[in-house]
Amino acid sequence: MTAPILPTLLRMAAPNVLAMTMSVLVGVAEIYFVGQLGTAPLAAMALVFPFAMLTQMLSAGAMGGGVSAAISRALGAGNLVRAHSLLQHALVIGLSAGVLYSLIFVWGGPHFYALLGGQGEVLREATQYGQVLFSGAVLVWLLNTLASVLRGTGNMKTPSVILVATAGLQIVLSGVLALGAGPFPAMGMVGLAWGHLIASAAGVAYFWVYLVQGQGRLQLKVQRFALQKNMFSDILKVGAVACLSPVQSVLAILVFTGLLAQQGTEALAGYGIGQRLEFLLIPIAFGIGVAAVPMVGMAMGAGLVDRARRVAWTAGGVSAFNLGLIGAVVTFAPDLWARMFTQDEAVLSFARQYLVTAGPAFPFFGLGLTLYFASQGAGQVIGPVLAGTARLVLVAGVGYVLAQNQGTASHFYMLVAVAMVAYGVLTAAAIWLTPWGSKPREIT
């Protein structure tokens, strides 16, 4: 806990960014595979995707951050017994949350897809895909919970390597099972779902063996143990509150997309091109933020509050700088990104408009998202979550006013940029104003 902050942070963040980038490639590959199946499957994927994305955001970023933070604080305080107990309780939470998620979306999925406009063949495709995909939600929750346990010990390499391997396996299996190859018949979208579940199961199996054999700082003991309220509380006081943030993010996307759809297909397509870039920004902010969680947590556990805060601000600054560079590029040369997806001049016009408008706000988005993760390490997530609430209210409220007053696409794009800036500024203010400890000890 005396290592230089910036070099340590960058070293820990690099494998996380790689793993998250691989998850983006999975999404690109799946879109390609579905595109080979026809228009209806593509539309069906759009209905299911927000809820599949929510699974990852809840299990890896929100509750996963709570797990990493609790374990890192215990290790920072030198309490190895507590860290082992937190590992066991984290698995109970992951298992329970996965089962609950399956029950909600296997039963309620068709109703949700219909509310989003799904009907006929599209609704049937979405339902079949979702039934298989969400029936195995517990595997996704366990995979990300176990990865978060290892991150909480400061081990970023192992979970990243396994998640990259899992993603690679998923791409291969999804292509083979969806489109058919050799002895395997084409299963369509259901094949995509099976590829996801089989790859996730392989990742869970590896992590399980790794922890049971005690290859890291913690060993998973599978014998019966007593459930303790304070252990659940240590994880959930961060993880449960943090779960509100991804829910708000998905709601903001759904609300904005619905409002912008009224502007016409070209305007929505232009936004979609820009949104793909935002999706690529998240792994950068996520990778840096997740690396900050154990660094902040261990410093807090050792009573080094000033160091914990410096880690948070350093991580936020690195993320803002990186996303600011990307924002500057697409602001001054939007066609570098937009022309990768379309040559339609009408759509390109809207895409350029969106990128030029939203690009300058990217560093604020990175700052807010990374500080949100850092706050998990300190166990102080209410402020950043409220910043996300403000962003949702801003998008919904102002978006509704624009829709009622014939707002143009440029007005809606500006709303996205303002919402990003507000999120970053309010999250930073929350970190600045929220006390993380009463008696900090300084360390160089």
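For clarity, every value in this text was computed on a predicted model and none was experimentally measured. (Residues numbered from 1 in each chain as written. Predicted model: local features only at pLDDT ≥ 70, side-chain atom pairs only at ≥ 80, totals over all residues. Heavy atoms only, no water.)

Overview of the overall build of the chain
No. 1: Regarding its fold elements, the chain presents 16 helices and zero strands.
No. 2: In terms of C-alpha radius of gyration, the chain reaches 22 Å, essentially the compact-globule figure of 22 Å for 444 residues.
No. 3: Along the three orthogonal principal directions, the C-alpha set of the chain runs to about 60 × 50 × 35 Å.
No. 4: Charged side chains of the chain number 20 positive and 11 negative; the gap between the two group centres comes to 21 Å. (Helix = DSSP H or I, 4+ residues; strand = E, 2+ residues; numbered from the N terminus. Rg over C-alpha atoms; globule rule 2.2 N^0.38 Å. Lys, Arg positive; Asp, Glu negative; His and termini not counted. Charge placed at Lys NZ, Arg CZ, Asp CG, Glu CD.)

Regarding helix H3 (residues 80-115)
No. 1: Largest kink in H3: about 60°, centred on Gly108, with the proline Pro110 one to four residues after it.
No. 2: Immediately downstream of H3, the backbone of Gly117 shows phi near 105°, a positive value. (Bend = angle between axes of the 7 residues up to and from the residue.)

Here we look at a nonpolar patch on the surface
No. 1: On the surface, a nonpolar cluster with roughly 270 Å² of combined accessible area is contributed by Leu95, Val99 and Leu103.
No. 2: Relative accessible area serves as the criterion here: at 40%, Val99 is assigned to the partly exposed category. (Patch = residues over 30% accessible without salt bridge, like charges linked within 9 Å, V, L, I, M, F, W, Y side chains within 5 Å. Areas by Shrake-Rupley, 256 points an atom, 1.4 Å probe, with all protein chains shown as cover. Salt bridge = Lys/Arg side-chain N within 4 Å of Asp/Glu carboxyl O. Buried < 20%, exposed > 50% of the residue type's maximum accessible area, 1.4 Å probe, protein only.)

Overview of the packing of helix H6 (residues 157-179) against helix H7 (residues 189-212)
Two numbers describe a pair of packed helices, the interaxial angle and the distance between the axes.
No. 1: Taken N-terminus to C-terminus, the directions of H6 and H7 make an angle of 155°; their axes are 7 Å apart at the nearest point. Comparing the axis directions of H6 and H7 gives the class roughly antiparallel. Remark: the crossing between H6 and H7 carries right-handed chirality.
No. 2: Class assignment of the residues belonging to the contact of H6 with H7 gives a composition of 14 nonpolar, nine polar and no charged. (Axes fitted to C-alpha atoms, helices over the stretch in contact; angles between N-to-C directions. Parallel < 35°, antiparallel > 145°, perpendicular 65-115°, else oblique. Left-handed = near helix turned anticlockwise from the far one by under 90°. Nonpolar A, V, L, I, M, F, W, Y, C, P; charged D, E, K, R; others polar.)

Examining the packing of aromatic side chains
No. 1: Counting across every chain of the model gives twelve aromatic pairs.
No. 2: For the pair Tyr101 and Phe134, a centre-to-centre distance of 6.0 Å together with 55° between the ring planes defines the contact as tilted. You can see Tyr101 sitting in helix H3 and its partner Phe134 sitting in helix H4 (residues 120-135), a full 33 residues away along the chain.
No. 3: Just above the ring of Trp436 sits the side chain of Arg309; from NZ or CZ to the centre is 4.9 Å.
No. 4: The ring of Tyr423 carries Arg391 above its face, with NZ or CZ at 5.7 Å from the centroid. (Phe/Tyr/Trp six-rings, centres within 6.5 Å; stacked < 30°, edge-to-face > 60°. Lys NZ or Arg CZ within 6 Å of the ring centre and 35° of its normal.)

Here's the deal with unusual backbone geometry
No. 1: The backbone of Gln406 sits at a positive phi, close to 55°, despite the residue not being glycine.
No. 2: Its location among the elements puts Gln406 in the loop between helix H15 (382-404) and helix H16 (409-433).
No. 3: Note on Gln406: relative accessible area 65%, which makes it exposed.

Structural notes on the side chain of His89
No. 1: Summarising the element assignment, His89 is placed in helix H3.
No. 2: Excluding its chain neighbours within four sequence positions, the residues that come into contact with His89 are Phe225, Ala226, Leu227, Gln228, Met231, Phe232 and Ile235. (Contact = heavy atoms within 4.5 Å.)

Observations regarding the side chain of Glu125
No. 1: If you trace the backbone, Glu125 turns up in helix H4.
No. 2: Among all residues touching Glu125, those that are not within four sequence positions of it are Pro41, Ala44 and Met189.

As for the nonpolar core
No. 1: Tyr101 and Trp436 are the most contacted members of the largest nonpolar core, which has 135 residues in total.
No. 2: The greatest single-element share of this core, amounting to 18 residues, is contributed by helix H10 (residues 265-301).
No. 3: Aside from chain neighbours lying at most four places away, what touches Tyr101 is Phe51, Leu54, Thr55, Leu58, Phe134, Ala137 and Trp141. (Core = buried A, V, L, I, M, F, W, Y, C linked by side-chain atoms within 4.5 Å.)

Describing the pattern of salt bridges
No. 1: All told, the structure shown has seven salt bridges when counted by the stated rule.
No. 2: One continuous salt-bridge network, built from bridges that share partners, spans Arg73, Arg82, Asp234 and Lys237.

Focus on the packing of H3 against H4
No. 1: Remark: H3 packs on H4, axes separated minimally by 9 Å, with the N-to-C direction vectors making an angle of 170°. By the criterion of interaxial angle, the relationship of H3 to H4 is roughly antiparallel. Residues Tyr101, Ser102, Phe105, Val106, Pro110, Tyr113 and Ala114 of H3 lie in contact with H4, whose contacting residues are Leu123, Ala126, Thr127, Gly130, Gln131, Phe134 and Ser135.
No. 2: For the contact of H3 with H4, the per-class residue count stands at nine nonpolar, five polar and no charged.

Describing the environment of Ala69
No. 1: Note that Ala69 resides in helix H2 (residues 39-76).
No. 2: Looking at Ala69, the relative accessible area reads 0%, which means it is buried.
No. 3: Residues Ala69 and Gly98, spaced 29 residues apart in sequence, show a C-alpha to C-alpha distance of 20 Å.
No. 4: Other than its neighbours up to four places away in sequence, Ala69 contacts Val293, Gln376 and Gly377.

Considering helix H14 (residues 362-378)
No. 1: Its 17 residues place the ends of H14 25 Å apart at the C-alpha level, agreeing with the 24 Å of an ideal helix rising 1.5 Å per residue.
No. 2: Here H14 lies mainly inside the structure; 16 of its 17 residues are buried. (Expected span 1.5 Å × (residues − 1).)

Focus on the confidence of the model for the chain
No. 1: Averaged over every residue, the pLDDT of the chain is 87; residues scoring 70 or more account for 97%.
No. 2: Highest mean pLDDT in the chain belongs to H7 (95); lowest belongs to helix H9 (residues 244-260) (80).
No. 3: Here residues 439-444 is modelled with pLDDT under 50, and outside its nearest four sequence neighbours on either side it reaches 17 contacts, counting other chains as well. (pLDDT = per-residue confidence, 0-100.)

With respect to the environment of Ala291
No. 1: Structurally, Ala291 is set in helix H10.
No. 2: Among the residues examined, Ala291 registers a relative accessible area of 0% and is labelled buried.
No. 3: Spatially, the C-alpha atom of Ala291 lies 20 Å from that of Ile382, the residues being 91 residues apart in sequence.
No. 4: Beyond its immediate sequence surroundings of up to four residues, Ala291 is in contact with Leu9, Met12, Ala13, Asn16 and Met156.

Here's the deal with the environment of Leu211
No. 1: Its place among the elements puts Leu211 in helix H7.
No. 2: Residue Leu211 is classed as buried on the basis of its relative accessible area, which comes to 1%.
No. 3: Separated by 61 residues in sequence, Leu211 and Leu150 place their C-alpha atoms 8.7 Å apart.
No. 4: Not counting the four nearest positions on each side in its chain, Leu211 is found in contact with Leu87, Leu146, Val149, Leu150, Leu218, Gln219 and Leu220.

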